[in-house]
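Descriptive structure summary
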Amino acid sequence: MSKNDGFVEDLKCRTMKINDVEYILNEDIKSLSSKLRISLWLVSLFLRQYKWNLEKVKDAYFNDPISLLTNSNLIPLSGPVYTSDSAEFFDFIQKAFQNSKNNRRAQIKLKERNLKQDVCSICFSSPSALEGVDVNQNPALASLRLFGMSCGHIFCLECWRAYFDYRISSSQASTVECMTANCSVRVPDDFILAVINNPETVEKHRRHILNESIEAHPRLRNCTDTHCDRVIYALEDPKPLRVTCDSCNTQFCFACSVEFHAPAQCETIKAWLQKCRDDSSTATYMAAHTKDCPQCGVVIEKNGGCNHMVKYISIFFISIHADPISVYFYNESRQH
């Protein structure tokens, strides 16, 4: 809805329910997936990475798919690229290395992991128990197999599952990296959703993906009221104008999602809010680490020692005749 109260111009927009927003996002994902012939989850990830710019994703896919993978943290920045337990993702990697003109194609090769010689780096379980066993006939034994991403770090199914449950439940982001320290390779969403078996965790991860998609889409903004689940959809090119949620009547700036601040620019209001946060931090520190002198009110910082404070005041003055011309106060607070 667009309004104009005579003083402030509003952005033409529509308040939407989550289901309607998902439909818009999924239509873009399906359309691009059919054009590029890659999986839906890969398209979704690339669109989030490229701020929902379909043309940029297409250009990157056809011109330099290896950089597309690297920018999305799906393969390591350097070193070998190993086979992945995300089947669709590995198929895409193979095509990327075949079609890419990137110099890295000549520098590294795809490598197969020899799982028989490895153990889980977390619990040290080995896949050797699976030799000669049909896992399809014995599903319980599947947990003994090791799984890994393109970085080559491998872990057992139970360790992956426990890690996913922890990361998803304790984070507000959909990005889940490899468990190895200092490894930034992203775990593909299809593998995450295939491993976790807790319905609440699955739903929370899907919600994280949806929120990131909304944040990446240039025409979508979540209502800033924490109790409102509506989304604002811009019907015109996004601008720093006021929008109003038809569900809760909350008004905010579409460009920066802050309470509407005209005529101040978004950069100005962000700088002001940061200053307020910094001042608040200073006040918090002062309250926790300083006390006012009960006699004169001078602020005293306690930086060590016991709680016994003694304040010394010395008066220095220069006099001509009998009266002082200038008086200088030297304040020193000491702890004993």
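Numbers given to residues run from 1 along each chain, matching the order in which its sequence is written. Note on the predicted model: pLDDT of at least 70 is required for a residue's local features to be given, and 80 or more for side-chain atom pairs to be given and counted; whole-chain, interface and lining totals, by contrast, use all residues. To obtain the side-chain values, all non-hydrogen atoms of the structure were included, while hydrogens and water were left out.

Okay, the nonpolar core next. As a rule of thumb, nonpolar side chains are buried together in soluble globular proteins. Remark: nonpolar core denotes a set of buried residues (Ala, Val, Leu, Ile, Met, Phe, Trp, Tyr, Cys) joined through side-chain atoms within 4.5 Å. Partly exposed describes any residue whose relative accessible area lies between the buried limit of under 20% and the exposed limit of over 50%, with all areas from a 1.4 Å probe on protein chains only and scaled to the type maximum. I38, F46 and F92 are the most contacted members of the largest nonpolar core, which totals 34 residues. Each helix corresponds to a stretch of at least 4 residues labelled H or I by DSSP, and each strand to a stretch of at least 2 residues labelled E; elements are numbered beginning at the N terminus. Secondary-structure elements contributing two or more residues to this core are α1 (18-36), α2 (40-49), α3 (54-63), α4 (65-71), α5 (87-99), α9 (199-216) and β7 (231-234). At 7 residues, the largest contribution of residues to this core is made by α1. The criterion used for residue contact is that any of the two residues' heavy atoms lie within 4.5 Å. With residues up to four places along the chain from it excluded, the contact list for F92 reads I38, L42, F46, Y61, L68 and L69. Of all hydrophobic cores here, the second largest spans 25 residues; its members include L146, F155, C178 and F191.

A side-chain nitrogen of Lys or Arg and a carboxyl oxygen of Asp or Glu constitute a salt bridge if their distance falls within 4 Å. Tallied over the entire structure, the rule returns 9 salt bridges. In this structure, R48 engages D189 in a salt bridge whose closest nitrogen and oxygen atoms are separated by 3.1 Å. In this pair, R48 sits in helix α2 while D189 sits in helix α8 (residues 189-195), placing the two residues 141 residues apart along the sequence. Of the two residues examined, R48 and D189, each falls in the buried class. Across the salt bridge formed by E212 and R48, the nearest N and O atoms sit 3.4 Å from each other. Of this pair, E212 sits in helix α9 while R48 sits in helix α2, and the two are 164 residues apart along the sequence. Residue classification places R48 among the buried positions, given a relative accessible area of 9%.

Okay, the packing of α1 against α3 next. Following both chains from N to C, one finds α1 and α3 inclined at 25°, their axes separated by 11 Å at the closest point. Put simply, α1 runs roughly parallel to α3. As α1 runs across α3, the sense of the crossing is right-handed. The residues of α3 that touch α1, namely those facing D28, L32, K35 and L36, are L54, V57, K58, Y61 and F62. Lines fitted to the C-alpha atoms define the axes, with helices restricted to the stretch that makes contact. Angles between their N-to-C directions range from 0 to 180 degrees. Angular relationships are summarised with four words: roughly parallel below 35 degrees, roughly antiparallel beyond 145, roughly perpendicular across 65 to 115, and oblique for the angles in between. Two helices that cross are described as forming a left-handed crossing if the nearer one is turned anticlockwise from the farther one by less than a right angle, and a right-handed crossing if clockwise.

Look at the link from A262 to P263: it is a cis peptide, with omega at 10°. Along the chain, P263 turns up in the loop between β9 (251-253) and α10 (266-289). Notably, N73 is not glycine yet its phi reads approximately 60°, a positive angle. Counting through the fold element by element, N73 comes out in the loop between α4 and β2 (81-82). Exposure remark for N73: the relative accessible area of 33% places this residue in the partly exposed category. Phi at N249 is positive, roughly 65°, even though this residue is not glycine.

What follows covers the environment of T250. With respect to the element layout, T250 can be found in the loop between β8 (242-244) and β9. In this structure T250 comes out as buried when scored by relative accessible area, which is 17%. Through-space distance from the C-alpha of T250 to that of C223 is 7.4 Å; in sequence the pair is 27 residues apart. Those residues in contact with T250 that sit more than four places away from it in its chain are C223, T224, D225, V243, T244 and C245.

To continue, consider the state of the cysteines. Any pair of cysteine sulfurs within 2.5 Å is marked as a disulfide. What the rule picks out here adds up to 0 disulfides. The thiol of C178 is unpaired, and the distance to the nearest cysteine sulfur, on C151, comes to 3.8 Å. As a non-bridged cysteine, C248 has C223 as the owner of its nearest cysteine sulfur, 3.4 Å distant.

Right, let's talk about the side chain of T244 for a bit. Locating T244 in the fold gives a position in strand β8. Engagement of the side chain of T244 in a polar contact is seen with the side chain of Q251, the distance being 3.4 Å. Pairs of N or O atoms are called polar contacts if they sit within 3.5 Å, as long as, within protein, a hydrogen donor faces a hydrogen acceptor (for residues adjacent in sequence, only side-chain-to-side-chain pairs).

Here we come to α3. Taken residue by residue, α3 has V57, K58, A60 and Y61 as its buried positions. For α3, the buried positions fall inside an angular range of 165° around the axis, keeping them on one side. Residues F62 and N63 are exposed on α3 and point more than 90 degrees away from its buried face. You can read the cap of α3 off the contacts: a side-chain oxygen lies 3.2 Å from the backbone nitrogen of E55, and it is on N53. Within this analysis, the arc is defined by the directions that extend from the helix axis to the C-beta atoms.

The topology assignment puts S150 in the loop between β4 (146-148) and β5 (154-156). Counting along the chain gives 68 residues from S150 to Y82, while the straight-line C-alpha distance between them is 4.5 Å. Engagement of the side chain of S150 in a polar contact is seen with the backbone oxygen of L74, the distance being 2.6 Å.

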